[in-house]
Amino acid sequence: MSLIGKEVQPFTAQAYKNGDFIEVTEANFKGQWSVVCFYPADFSFVCPTELEDLQDQYSTLQDLGVEVFSVSTDTHFVHKGWHDSSEKIGKITYAMIGDPSQAISRQFDVLNEESGLADRGTFIIDPDGVIQTVEINADGIGRDASTLVNKIKAAQYVRQNPGEVCPAKWEEGSETLTPSLDLVGKI
């Protein structure tokens, strides 16, 4: 079942952020745009490259009014240990949510029941807590966080301009489409 257009359901979890343990709930995904990035495991191989890349885009995303959260089925204690011992992960300033109960991963439909680990899932959530985009990659395929910037801008544009849609490769300031009977068969 697609999660697009669905509101994030209630949850409570512990996270590691900037040297502190914090509580995160679904309420943290409301009031601003959010990116939630699920990944299989701490102390692994592709994951630190993705999370560092996400950190490299973090200030750009914050400038767009976006908060970032990463999630794995590890505990918040393991996130701290990884943060303290890895050069790449040590750069991270966004919240790293622990999901040892697998409840959040299951809610977002990224839990691999066989391994007990989360798949590589990226979700863009609007300020109402509603999921607007979903991308799920196979375990061996890392993600490029720079692609989130244009997706966020497009999602924000569509939200602010009802009746308009953003075509493929849309960039801020470029032409949008207004679906209508007159446009059918003309693209």
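- Under an unreviewed UniProt entry, the name given to the protein chain is Alkyl hydroperoxide reductase C, and the organism recorded is Terribacillus halophilus.
- Its UniProt record, at the heading Function (unreviewed entry), says of the protein chain: "Thiol-specific peroxidase that catalyzes the reduction of hydrogen peroxide and organic hydroperoxides to water and alcohols, respectively. Plays a role in cell protection against oxidative stress by detoxifying peroxides."
- We quote the UniProt Subcellular location (unreviewed entry) comment for the protein chain here in full: "Cytoplasm".

### Some points on helix α1 (residues 46-63)
Next up, step 1: Its 18 residues place the ends of α1 27 Å apart at the C-alpha level, agreeing with the 26 Å of an ideal helix rising 1.5 Å per residue.
Next up, step 2: A bend of about 45 degrees at Q57 is the largest found in α1.
Next up, step 3: Directly beyond the C-terminal end of α1, a positive phi value near 80 degrees is found at G65.

### Observations concerning the nonpolar core
Next up, step 1: Formed by 22 residues in total, the largest nonpolar core has its most connected members in L51, L54 and L61.
Next up, step 2: Looking at this core, the elements that each hand over two or more residues are β3 (33-38), α1, β4 (66-72) and α4 (146-160).
Next up, step 3: For this core, the leading source of residues is α1, giving five residues.
Next up, step 4: Leaving out residues up to four positions away in the same chain, L51 has contacts with C37, Y39, S70, W82, I89, I92, Y94 and M96.

### As for the pairing of strand β8 (residues 120-125)
Next up, step 1: Of all six residues in β8, six are buried; the element is thus mostly enclosed.
Next up, step 2: Neither face of β8 is open: one carries R120, T122 and I124, the other G121, F123 and I125, and all of them are buried.
Next up, step 3: As defined by bridge partners, β3 adjoins β8 across five bridges and the pair is classed as antiparallel. For F38, the partnering residue across the bridge sits in β8 and is G121.
Next up, step 4: The hairpin turn running from β8 into strand β9 (residues 131-137), its antiparallel successor, is five residues long, and G129 in that turn takes a positive phi close to 80 degrees.

### Some remarks on the packing of aromatic side chains
Next up, step 1: Applying the stated criterion across every chain, the model contains eleven aromatic pairs.
Next up, step 2: Plain terms: the ring middles of F11 and F29 are 5.5 Å apart, the flat faces sit at 50 degrees to each other, and that makes the pair tilted. You can see F11 sitting in the segment before β1 (12-17) and its partner F29 sitting in the loop between β2 (20-25) and β3, a full 18 residues away along the chain. No difference in accessibility class separates F11 from F29, as the two residues are buried.
Next up, step 3: Considering the side-chain rings of F43 and W82, the 6.0 Å spacing of their centres and the 40 degrees angle between planes classify their relative orientation as tilted. In this pair, F43 is assigned in the loop between β3 and α1 and W82 in helix α2 (residues 76-85), connecting sequence segments 39 residues apart.
Next up, step 4: For W82, a relative accessible area of 3% corresponds to the buried category.
Next up, step 5: An aromatic cluster is built from F11, F29 and F69, whose rings are joined through pairwise contacts.

### Remarks on the environment of T178
Next up, step 1: Tracing the backbone through its elements, the reader meets T178 in the segment after α4.
Next up, step 2: Spatially, the C-alpha atoms of T178 and G140 are 38 Å apart, while their sequence positions differ by 38 residues.
Next up, step 3: In this structure, T178 is in contact with G163, E164 and L183, ignoring residues within four places of it in sequence.

### Side note on the packing of α1 against α4
Next up, step 1: With their axes 9 Å apart at the nearest point, α1 and α4 run at an angle of 30 degrees to one another. Read as a crossing pair, α1 and α4 show a hand that is right-handed. Across from D53, L54, Q57, T60 and L61 in α1, the residues of α4 making contact are S146, L148, V149 and I152.
Next up, step 2: Classifying every residue of the contact of α1 with α4 by side-chain character gives five nonpolar, three polar and one charged.

The rules behind the values
Residues numbered from 1 in each chain as written. Predicted model: local features only at pLDDT ≥ 70, side-chain atom pairs only at ≥ 80, totals over all residues. Heavy atoms only, no water. UniProt positions renumbered as here; feature names shortened; annotations may be inferred. Helix = DSSP H or I, 4+ residues; strand = E, 2+ residues; numbered from the N terminus. Expected span 1.5 Å × (residues − 1). Bend = angle between axes of the 7 residues up to and from the residue. Core = buried A, V, L, I, M, F, W, Y, C linked by side-chain atoms within 4.5 Å. Buried < 20%, exposed > 50% of the residue type's maximum accessible area, 1.4 Å probe, protein only. Contact = heavy atoms within 4.5 Å. Pairing = 2+ DSSP bridges. Phe/Tyr/Trp six-rings, centres within 6.5 Å; stacked < 30°, edge-to-face > 60°. Axes fitted to C-alpha atoms, helices over the stretch in contact; angles between N-to-C directions. Left-handed = near helix turned anticlockwise from the far one by under 90°. Nonpolar A, V, L, I, M, F, W, Y, C, P; charged D, E, K, R; others polar.

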